[in-house]
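Given next are the chains, with one letter for each unit.
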Amino acid sequence: MSILDDMPFHLARIQSIAANLKLGNILPTIYSDSINGFGYASALFYPDLWLYIPAISVLSGLELIRAYQVFLVLITVITAISMYHSTRRMLTNLDIGHYYHFSPCRFLTVEQQLSVLATIVYITFPYRLINVYFRGALGEVLSFVFLPVIACGLTEIYCDRKKRWHILALGMTGLIYSHIISSLMAVLCILLVMLINFRQSWQQRQALLKAVLLTACLSAAFILPLIEQMQSNQFYYNTKNPFGSLADQAIKVGVSHSSLSLLMVHFIAISLAYYCHCKLKQRQWYPRIALMTFITLYLSIMTTSLFPWDILAEIPLLKYIQFPWRLFSLVTYTFSILSALVFLHL
């Protein structure tokens, strides 16, 4: 395995946790063996809860790189399990079987077939594999475990009478302890869902509030020190932007960036989604396929220079996404669901 991009940083974190555990320091805030012995407080900004798993393996005598590889395999297995069960439960909440009057496989229900297909696409999606094998983005790799749980949690609140709001809270808590930037993107998506479904959100306000409070309590061990540090000190990211603006980091496409051309791109995306919706109604397909097509297409557009990131640059917290192409994490999920829904119709 080649050591590229973020991997040395994460390997050092695992090694530091193992070293501190050996000394009896169970919750190290400052990794004293980092930076040539000067120490580094990366635990204040990078959640390390799940890194205790490979750290314990290292402490047990396993070579560092081998512990990392075993951890990646474990994450992949858990991601597949999470995606399958969360998707199956979500599709049950959405009453998907009503739109599929046939079952290509008599051994599995429609929900199970769709979940298997979506899981295969999800764990093999290029962006996830790039994070594993090229970027070494361990936090984002971990985030793929919890994105399906969050989506399932939303349907539990909005579509299921039992209102299992704790599923959303557990999904968000797991995501916060995996990757803080992915958590920010998930929160923005949840707020958008709440805004679009404002009337229903108001009706389900108690369940949503309970989910927020439980998430806040469970993640306080990481969130509160993070907020305290951000408010009390000036850091490099506060004064400089080493990666450039979101517009600088967006994927460049070879078209004019005039306002008219950008408007046309978004108009085409919306028109395509509406066209799909009309065709689906004619064929009696699952109508939310049109919505999933629009979301997937629009999120993909948002990773490029076709989206007006310059206009949104001043929105608080949005700059912390750093790279618009991080939205491919969300595309991975929506495309997986979309692929399964379409494939079973063919």
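This one's a predicted model, so the numbers in the text were calculated from it and none came from an experiment.

Q: Would you explain the overall build of the protein chain in this entry?
A: Helices and strands together make up the secondary structure of the protein chain, namely 16 helices and zero strands. The proportion of buried residues among the 346 residues of the protein chain is 44%. Taking as baseline every contact in the protein chain between residues at least 6 positions apart, the subset at least 24 positions apart corresponds to 74%. For the protein chain, the computed accessible surface area is about 18700 Å², with 67% contributed by carbon and sulfur atoms.

Q: For this particular structure, what's the right way to read the packing of helix H5 (residues 126-135) against helix H6 (residues 138-158)?
A: Each packed pair of helices is defined by two parameters, the angle between the axes and the distance between the axes. Between H5 and H6, the shortest axis-to-axis distance is 9 Å and the interhelical angle comes to 150°. Taken as a pair, H5 and H6 cross one another with a handedness that is left-handed. Of H6, the residues touching H5 (which contributes Tyr127, Arg128, Asn131, Val132 and Arg135) are Glu140, Val141 and Phe144. Counted by class, the contact of H5 with H6 contains four nonpolar, one polar and three charged residues.

Q: What am I meant to see in the side chain of Asp48 here?
A: Among the structural elements, Asp48 can be located in the loop between helix H1 (7-22) and helix H2 (52-59). Arg13 is the oppositely charged side chain nearest to the buried, salt-bridge-free Asp48, at an N-O distance of 5.4 Å. A polar side-chain atom of Asp48 sits 2.6 Å from a polar atom in the side chain of Tyr31. Those residues in contact with Asp48, other than ones at most four positions away along the chain, are Arg13, Ile17, Pro28, Tyr31 and Ala43.

Q: Help me understand the packing of aromatic side chains in this model?
A: Two aromatic rings, taken as a pair, are described by how far apart their centres are and by the angle between their planes. Under the criterion given, the structure shown has eleven aromatic pairs. Measuring from centroid to centroid gives 5.0 Å for Phe9 and Tyr46, while their planes differ by 65°, and the two rings are edge-to-face. A residue pair is termed long-range when its members are at least 10 positions apart, and Phe9 in helix H1 and Tyr46 in the loop between H1 and H2 qualify at 37 residues. In this structure Phe9 comes out as partly exposed when scored by relative accessible area, which is 30%. Ring pairs connect the aromatic residues Tyr122, Tyr127, Phe144, Phe328 and Tyr333, which therefore count as one cluster. The ring of Trp202 has Arg205 lying over it, and the distance from NZ or CZ to the ring centre is 4.3 Å.

Q: What exactly am I supposed to notice about the packing of H2 against helix H3 (residues 64-93) here?
A: Between H2 and H3, whose axes approach to 9 Å, the crossing angle comes to 140°. Relative to H3, H2 is oriented oblique. The handedness of the crossing between H2 and H3 is right-handed. Within the contact between the two elements, H2 uses Ile53, Pro54, Ser57 and Val58 and H3 uses Leu64, Ala67, Phe71 and Leu74.

Q: Would you mind going over helix H7 (residues 166-176) with me for this structure?
A: An α-helical segment advances 3.6 residues per turn. Residues three or four places apart therefore align on the same side. Counting buried positions along H7 gives nine out of eleven residues, so the element sits mostly inside the fold. Taken together, the buried positions of H7 are occupied by Ile167, Leu168, Ala169, Gly171, Met172, Thr173, Gly174, Leu175 and Ile176.

Q: Before we go on, may I ask you to explain the pattern of salt bridges in this structure?
A: Charged atoms that come close allow side chains of opposite charge to pair. Within the structure shown, the criterion is met by four salt bridges. Taking the shortest distance from any N to any O, the salt bridge between Arg89 and Glu156 comes out at 2.7 Å. Taken together, the positions of Arg89 in helix H3 and Glu156 in helix H6 put the pair 67 residues apart, joining distant regions of the chain. Among the residues examined, Arg89 registers a relative accessible area of 33% and is labelled partly exposed. Assessed through its relative accessible area of 0%, Glu156 is described here as buried.

Q: I'm lost on the environment of Pro54 in this one. Help?
A: Structurally, Pro54 is set in helix H2. Counting along the chain gives 43 residues from Pro54 to Leu11, while the straight-line C-alpha distance between them is 9.6 Å. Those residues in contact with Pro54 that lie beyond four places of it in its chain are Ile14, Ala67 and Phe71.

Q: Just to check I follow, could you spell out the nonpolar core for this structure?
A: Generally speaking, soluble globular proteins have nonpolar side chains that are buried together. Within the largest apolar cluster, 78 residues are counted, with the highest numbers of intra-cluster contacts made by Leu114 and Trp309. No other element matches the 13 residues that H6 contributes to this core. Sequence-distant contacts of Leu114, defined by excluding residues within four places in its chain, comprise Leu91, Ile96, Tyr100, Ala340, Leu341 and Leu344.

Q: Sorry, what's going on with a nonpolar patch on the surface here?
A: Judged by side-chain polarity, Phe107, Leu108, Val116 and Ile120 come together as a nonpolar surface patch covering roughly 370 Å² of accessible area. The residue Val116 is located in helix H4 (residues 110-124) in this model.

Q: How do you make sense of the environment of Ala67 when you look at a structure like this?
A: When you line up the elements, Ala67 lands in helix H3. Between the C-alpha atom of Ala67 and that of Pro54, which follows or precedes it by 13 residues, the distance is 5.2 Å. Here Ala67 is in contact with Pro54, Ser57, Val58 and Leu62, once residues within four sequence places are set aside.

Criteria and thresholds
- Residues numbered from 1 in each chain as written.
- Predicted model: local features only at pLDDT ≥ 70, side-chain atom pairs only at ≥ 80, totals over all residues.
- Heavy atoms only, no water.
- Helix = DSSP H or I, 4+ residues; strand = E, 2+ residues; numbered from the N terminus.
- Buried < 20%, exposed > 50% of the residue type's maximum accessible area, 1.4 Å probe, protein only.
- Contact = heavy atoms within 4.5 Å.
- Areas by Shrake-Rupley, 256 points an atom, 1.4 Å probe, with all protein chains shown as cover.
- Axes fitted to C-alpha atoms, helices over the stretch in contact; angles between N-to-C directions.
- Left-handed = near helix turned anticlockwise from the far one by under 90°.
- Nonpolar A, V, L, I, M, F, W, Y, C, P; charged D, E, K, R; others polar.
- Lys, Arg positive; Asp, Glu negative; His and termini not counted.
- Salt bridge = Lys/Arg side-chain N within 4 Å of Asp/Glu carboxyl O.
- Polar contact = N/O pair within 3.5 Å; in protein donor to acceptor, adjacent residues only side chain to side chain.
- Phe/Tyr/Trp six-rings, centres within 6.5 Å; stacked < 30°, edge-to-face > 60°.
- Lys NZ or Arg CZ within 6 Å of the ring centre and 35° of its normal.
- Parallel < 35°, antiparallel > 145°, perpendicular 65-115°, else oblique.
- Core = buried A, V, L, I, M, F, W, Y, C linked by side-chain atoms within 4.5 Å.
- Patch = residues over 30% accessible without salt bridge, like charges linked within 9 Å, V, L, I, M, F, W, Y side chains within 5 Å.

Don't take any of this as a statement about function, it's just geometry.
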